[in-house]
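# Geometric and topological summary
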Amino acid sequence: MNATTIEHRTMRALTMRLDDETFAIDAESVREILEVVPVTRVPSAPDAVFGLINVRGSVVPLADFRVLFGMDRREATEDTRIVVVEVRLDDERLVAGLLADKVHEVVDLDAGVQEAAPRVGMRWPAEFVQGIAKRNEAFVIIPNVEKIFATLAAA
């Protein structure tokens, strides 16, 4: 494996589960966590755009990270949550939601255990993975949330 260490700071991250994988997103980007709300489907939107939701009176796009990471779409369960994040796209602020099978907790991921995604051996699209961290003897995928939403915005 040819990987280099990324980020030289501790990352405060919200961990969540998609299928059997643990993902972590920068906790500073998280605005709120919602239970599943009604979704308005958007014809001809990319598969990974699950639809639009109403968040406190604002229209917010909802992404299905399961689809982005090559997993089958799944019906919502009692554990399913929508993580509302705020990301920067160019010079604009985008509020968006992402579906999570389950939200776990906020943790600190030490810089020493974060590495760039390996070029070989990953089943996830490399362009959507910012890095991999190790926590409690398991790998945690750190998605590149800004890159994901920039790609969806351009589709």
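Check the entry above for the structure.
Here goes a summary of the coordinates provided. (Residues numbered from 1 in each chain as written. Predicted model: local features only at pLDDT ≥ 70, side-chain atom pairs only at ≥ 80, totals over all residues. Heavy atoms only, no water.)

### A few points about the overall build of the chain
The criterion, for reference: Helix and strand labels come from DSSP, where a helix needs a run of H or I of at least four residues and a strand needs a run of E of at least two; each type is numbered from the N terminus. Contacts: residue pairs with any heavy atoms within 4.5 Å of one another. Values of accessible area rely on a 1.4 Å probe in the Shrake-Rupley scheme; residue burial ignores everything except the protein chains shown. As used throughout, the charge tally considers Lys and Arg to be positive and Asp and Glu to be negative, leaving His and the chain termini uncounted. Think of each charge as sitting on NZ of Lys, CZ of Arg, CG of Asp or CD of Glu.
Within the chain, the regular secondary structure consists of 2 helices and 11 strands. Each helix and strand of the chain, ordered N terminal to C terminal, gives the series β-β-β-β-β-α-β-β-β-β-β-β-α. For the chain, the spread of C-alpha atoms along the three principal axes comes to 40 × 30 × 30 Å. Of the contacts made within the chain by residues no fewer than 6 positions apart, 57% connect residues no fewer than 24 positions apart. As displayed, the chain offers around 8900 Å² of accessible surface, 44% of which is attributable to carbon and sulfur atoms. Placing the 18 positive and 26 negative side-chain charges of the chain at their respective mean positions leaves the two points 1 Å apart.

### Section: the nonpolar core
The cut-off we apply is this: Definition of nonpolar core: a set of buried residues of the types Ala, Val, Leu, Ile, Met, Phe, Trp, Tyr and Cys, connected through side-chain atoms within 4.5 Å. Type-normalised accessible area, obtained with a 1.4 Å probe on protein chains alone, sets the label of each residue: buried when under 20%, exposed when over 50%, and partly exposed for intermediate values.
Counting 30 residues, the largest nonpolar core has Met16, Phe65, Phe69, Val83 and Phe149 as the members making the most contacts within it. Those elements that provide at least two residues to this core are strand E1 (11–18), strand E2 (21–26), helix H1 (65–68), strand E6 (81–89), strand E7 (92–100), strand E10 (129–135) and helix H2 (145–154). What Phe69 contacts, discounting residues up to four positions off in sequence, is Phe23, Trp124, Pro125, Phe128, Val129, Pro143 and Ile148. Formed by 10 residues, the second largest nonpolar core is a distinct cluster that contains Phe50, Val60, Leu62 and Val84.

### Side note on the side chain of Thr80
Here Thr80 is to be found in the loop between H1 and E6. If we skip the residues at most four places from it in the chain, Thr80 touches Val36, Leu99, Ala100 and Asp101.

### So, H2
This is how it is decided: Read the arc as the range of directions from the helix axis to the C-beta atoms.
Those residues of H2 that fall on the buried side of the exposure criterion are Val145, Ile148, Phe149 and Leu152. When H2 is viewed along its axis, its buried side chains cluster within an angular range of 90 degrees and face the same direction.

### Looking at unusual backbone geometry
The residue Arg56 is not glycine, and still its phi comes out positive at about 55 degrees. Within the secondary structure layout, Arg56 lies in the loop between strand E4 (49–55) and strand E5 (58–64). Phi is positive for Glu137, which is not a glycine, with a value near 65 degrees. Here Glu137 shows up in the loop between E10 and strand E11 (138–143).

### Side note on the packing of aromatic side chains
Note the threshold: Between rings of Phe, Tyr and Trp, where Trp is taken as its six-membered ring, a pair exists when centres lie within 6.5 Å; planes separated by under 30 degrees are stacked, by over 60 edge-to-face, and by other angles tilted.
According to the stated counting rule, one finds 3 aromatic pairs in the structure shown. Ring centres of Phe23 and Phe69 lie 5.0 Å apart, and the angle between their planes is 70 degrees; this geometry places the pair in the edge-to-face category. Here Phe23, found in strand E2, pairs with Phe69, found in the loop between H1 and E6; they are 46 residues apart in sequence, far enough to count as distant. On the basis of relative accessibility, which here comes to 2%, the residue Phe69 falls in the buried class.

### What about the sheet that holds E4?
How we decide: By this definition, two strands are paired if DSSP reports at least two bridges between them. Inter-axis angles, ranging from 0 to 180 degrees, are taken between N-to-C directions of lines fitted to C-alpha atoms, where helices are fitted over the stretch in contact.
Across the sheet, which stays open at both edges, the 5 strands sit in the order E3-E6-E7-E5-E4 with mixed pairing between neighbours. The strands lining the two open edges of the sheet, one partner per strand, are strand E3 (30–35) and E4. Between one strand and the next, the sheet's axes are offset by a mean angle of 35 degrees, whatever the strand orientation. Here E3 runs beside E6; their pairing, made up of 5 bridges, is antiparallel. The residue of E6 that forms the bridge with Glu35 is Arg81.

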